[in-house]
Amino acid sequence: MQVNATSTAVEPRPLVFAGLPASSWAFAVRTWLACLLALYASFWLELEAPSSAAITVAILALPTRGQGMEKASFRLLATVIGVAASIAIAGFFSQTDGLLLAVFGVCVGLCAYAAGMLDGNRAYAAALCCITIALIAIQQIDSPQLVFPTGVARGAALAVGVLAVALVNDVLAAPDYHPVLAGRLEALHRRVMNHIEGIFRGEAAAAPTAANLLRDIAAMRPELASLTTESSSGTARTAAARAAMVDLAATLALARALSALPVAPRPVLGLSAQDDSSSGLLAICRTWLRGELIRKNVDVRSSLDALRGGRHPFRQWQAPLYRSRRIAAESGVRAAIHFTLIAMLFVITGWPATELCLSLIAVIIGLSSTAPDPRMFTKVAVVATPIACLLAGILKYFVFNGVSAFQLLAIGLAPVVIGLSLLISLPHRILSSLGRLTLVFTLAVLAPTNPQSYDPQTFVITCLFVCLSSILVFAAQLLIPPLSNDRRLRLLLGETRSELGRLDIQRHHDLAPEEATFRDATRIELIVAAGGGSALNRWALDEAMCCFDEAATLRRCSTELNRLATGPLADVAEAARAALARRNGSAALAAAEALRKTAAQRDLNVDSACAALVLASIAFDPSQSASGSVEKRQP
Amino acid sequence: MTHTYRELIIGGVLVAPIVSYAATAILIFLLLRPLLHFVGFSRLFSNPSLAELSLYVTMFGLLALLF
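About the thresholds
- Residues numbered from 1 in each chain as written.
- Chains lettered and ligands numbered in written order.
- Predicted model: local features only at pLDDT ≥ 70, side-chain atom pairs only at ≥ 80, totals over all residues.
- Helix = DSSP H or I, 4+ residues; strand = E, 2+ residues; numbered from the N terminus.
- Rg over C-alpha atoms; globule rule 2.2 N^0.38 Å.
- Contact = placed C-beta atoms within 7 Å.
- Buried ≥ 20, exposed ≤ 12 C-beta atoms within 10 Å, placed from the backbone.
- Nonpolar A, V, L, I, M, F, W, Y, C, P; charged D, E, K, R; others polar.
- Axes fitted to C-alpha atoms, helices over the stretch in contact; angles between N-to-C directions.
- Parallel < 35°, antiparallel > 145°, perpendicular 65-115°, else oblique.
- Left-handed = near helix turned anticlockwise from the far one by under 90°.
- Expected span 1.5 Å × (residues − 1).
- Arc of directions from axis to C-beta.
- pLDDT = per-residue confidence, 0-100.
- Domains from an automatic or database assignment.

1. Quick word on the overall build of chain A
The helix and strand inventory of chain A stands at 25 helices and 2 strands. What you see for chain A is a C-alpha radius of gyration of 28 Å, in line with the 26 Å of a compact globule of 635 residues. On the principal axes, the C-alpha backbone points of chain A span a range of 95 × 55 × 45 Å. Long-range pairs, those at least 24 residues apart, make up 80% of the contacts in chain A between residues at least 6 apart in sequence.

In structure tokens:
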């Protein structure tokens, strides 16, 4: 199996200006132009919240067109849901004092739960429902009759922002996302093939290496949806990318199975007298695995070609996501408690005009629920808010200082928007997040209107509340910490074990083995993310990968035995199934031998079923491969 | 002759005609996408996204003109 020769080709160096690639500068200029267009259209249409249109542009500022459009569609959908929920809350719970705050707390918790159950922009949409409720219902807590007009004004501003981003990206030919995604999938394919070549050479197949590969493959999942919105060929490209991704995870599972095979038959499991038959089964298994790996490699290449060419793949797969209800529920409860605690503090202090602060608190809690580490996100928000207030103050009172001309607004915004967009385009995750939050909060505090307001009292109060909101969320998270990584890891491992124990060999599964393997890969991604660099991580990874291998093997057996369930080998298949249900390795191996003999008598080919049963016997009794496997054989 | 625009009424809420035209044009465009993929629309233009936007604007304009 050769790695693609083009992998070693030297790529041309990108054009660099002031230390940043030209593509980053183009992205920053596009963001600035879209921001100006959104503000100009909002002023022209005399919208009530023109700053919301500019903030929408800042939120949708993504380097490629497809990503921006996908996020925009989820933003519009979530806004509609959020406005409807706001109207319902204002209608049912208006002027109910503490009950209304409790309802807001429950809403924040539910949205955080939904965000925990989803990924990518779907999780963002769940968080945005909570943000919309915060910005409409909480801000109008004392005037529920204004909830509907505020919702309509926000919807109109969002629509203008989305249209501005779409127009600027289309006219200025923002790059497509599919070449980027295809490049990343090809790089992953090369890494997987290198890993397999290493196994063929007899190198150790370490669990962390495989886990990291699975994490990188599963991490592509949320990004595939961006291709759908990109062009009329987007649906075909998404299907092709999904097929490549799922096949890569399945290839890695096969490679793990190959690495676990003993090099020579061992006199174990009471089969010392049957070394010949055991050796034959191992040879069948090895040949079958090699054939499957070659077939999968061809499938991945074909899917990648379909992705580049904008065609549907030869075979379409689903890419299911592993969802931990327990983790999502615990995160949701903590988010609700954080919000309720701060709301209670405001009720006790009795400060006036705190609805702005409370709504911003819900915004920060909602957004942090979509981040892998909510506390880190809040820390970034604590840093971003004072910077945003400072930038907005400089713009308002030193740069503009009383002017209302749009041309001056455009020129004054240029350095801030372009500079922060360049920060967003950096590959460093925290710096990028800091840039986006600072840009959003700067536009929110500056609040461009027509004519521009220069009331210093309003500005100071806004700055105070913006900074206070991030600090209060940080303090609440110190008091009741978000779900720790160790706790996540334990919950995930517990769920992995219990799911493996419940895996029913008798039942026909809804998902194909490849799809179920991909779902397991998304769980490995969560385990790797939760593990960080802790000592628990290595132990947890080893156990998670063992469960991954065993589950993949069991599903393979289930599929193969189901295929034989109605034919002449039904009785032997049933005996094999019983051995698998008992998780008995020697019985599975004996069943494989019986299956092979019976099939040979009837001139049938059952190599795949035999290979699956041999792999199951090794998975149930790892000691069989412990001293003889390829990975342990090497010095 | 002056063209009259009919407002969409949802639960007593009047929706501006421009919103209903924009939403209808998006719906038609989404239904057309498989056909555009079949005829290789994106391969016909150097900037396919701008061509698709132009198609959307054309449909939006025709809806506003004819209905």
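2. Considerations on the overall build of chain B
Tallying secondary structure elements over chain B gives 2 helices and 2 strands in all. Helices and strands appear in chain B in the N-to-C order β-β-α-α. A compact globule built from 67 residues would reach a C-alpha radius of gyration of about 11 Å, whereas chain B, at 15 Å, exceeds it by more than 25%. Taken over the C-alpha atoms alone, chain B extends approximately 45 × 30 × 15 Å along its principal axes. When each of the 67 residues of chain B is scored for burial, the buried share is 10%.

3. Focus on the interface of chain B and chain A
The figure often quoted for interface size is the accessible area lost as the parts come together. Between chain B and chain A, the contact holds 11 residues from the first and 9 residues from the second. For the side of chain B that touches chain A, the secondary structure elements donating two or more residues are helix 1 (17-39) and helix 2 (48-66) of chain B. Ranked by residues supplied to the side of chain B that touches chain A, first place goes to helix 2 of chain B with 5 residues. For the side of chain B that touches chain A, the per-class residue count stands at 5 nonpolar, 4 polar and 2 charged.

4. Looking at the environment of P451(A)
Residue and element names in this part refer to chain A. Residue placement: P451 occurs in the loop between helix 16 (429-446) and helix 17 (456-479). P451 gets classed as exposed once you count the C-beta atoms within 10 Å, which come to 8. As for P451 and G402, which are separated by 49 residues in sequence, their C-alpha atoms are 9.8 Å apart.

5. Observations concerning the packing of helix 9 (residues 221-230) of chain A against helix 10 (residues 234-260) of chain A
Each pair of packed helices gets described by two things: the angle between the helix axes and the distance between those axes. Residues and elements named next belong to chain A. One can describe the packing of helix 9 onto helix 10 by two numbers: an axis separation of 6 Å at closest approach and a directional angle of 160°. The angle between helix 9 and helix 10 falls in the class roughly antiparallel. Two packed elements cross with a definite hand, and for helix 9 against helix 10 that hand is right-handed. For the pair helix 9 and helix 10, contact is made by R221, L224, A225, L227, T228, T229 and E230 and by G234, T235, R237, T238, A241, R242 and M245, respectively. For the contact of helix 9 with helix 10, the class distribution of residues is 5 nonpolar, 5 polar and 4 charged.

6. Brief notes about helix 21 (residues 570-581) of chain A
Counting along an α-helix, one turn takes 3.6 residues, and residues three or four places apart therefore face a common direction. Residue and element names in this part refer to chain A. Helix length check: helix 21, at 12 residues, gives a terminal C-alpha distance of 16 Å against a target of 16 Å (1.5 Å per residue), a fit within 8%. When we look at burial in helix 21, the residues that qualify are V572, A573, A576, R577, A579 and L580. Buried residues of helix 21, viewed axially, fall in a sector of 160°; they line one side. Set apart from the buried face of helix 21 by more than 90 degrees, the exposed residues are A570 and D571. R583 occupies a position one or two residues after helix 21 and carries a positive phi of about 55°.

7. What to know about the confidence of the model for chain B
If pLDDT is low for a region, its predicted coordinates should not be looked at in detail. For chain B, mean pLDDT is 87; residues scoring 70 or higher make up 97% of the total. Predicted complex metrics record ipTM = 0.87 and pTM = 0.88.

8. A word on the packing of helix 12 (residues 325-349) of chain A against helix 13 (residues 355-368) of chain A
Residue and element names in this part refer to chain A. Where helix 12 contacts helix 13, the axes come no closer than 10 Å and their chain directions differ by 165°. With respect to each other, helix 12 and helix 13 are oriented roughly antiparallel. Regarding helix 12 and helix 13, the two cross each other, and that crossing is right-handed. Of the residues in helix 13, those in contact with A335, H338, F339, I342, A343 and F346 of helix 12 are L358, I361, A362 and I365. Its residues placed into classes, the contact of helix 12 with helix 13 shows 9 nonpolar, 1 polar and no charged.

9. Here's the deal with the domain arrangement of chain A
All names here are of chain A. For chain A, the assigned domains are domain 1 (18-176 + 324-479) and domain 2 (178-263 + 276-309). A straight line from the C-alpha centre of domain 1 to that of domain 2 covers 39 Å. Opposite the 11 residues of domain 1 that make contact, domain 2 presents 11 residues. Secondary structure elements with two or more residues in the side of domain 1 that touches domain 2: helix 3 (65-93) and helix 5 (120-138).

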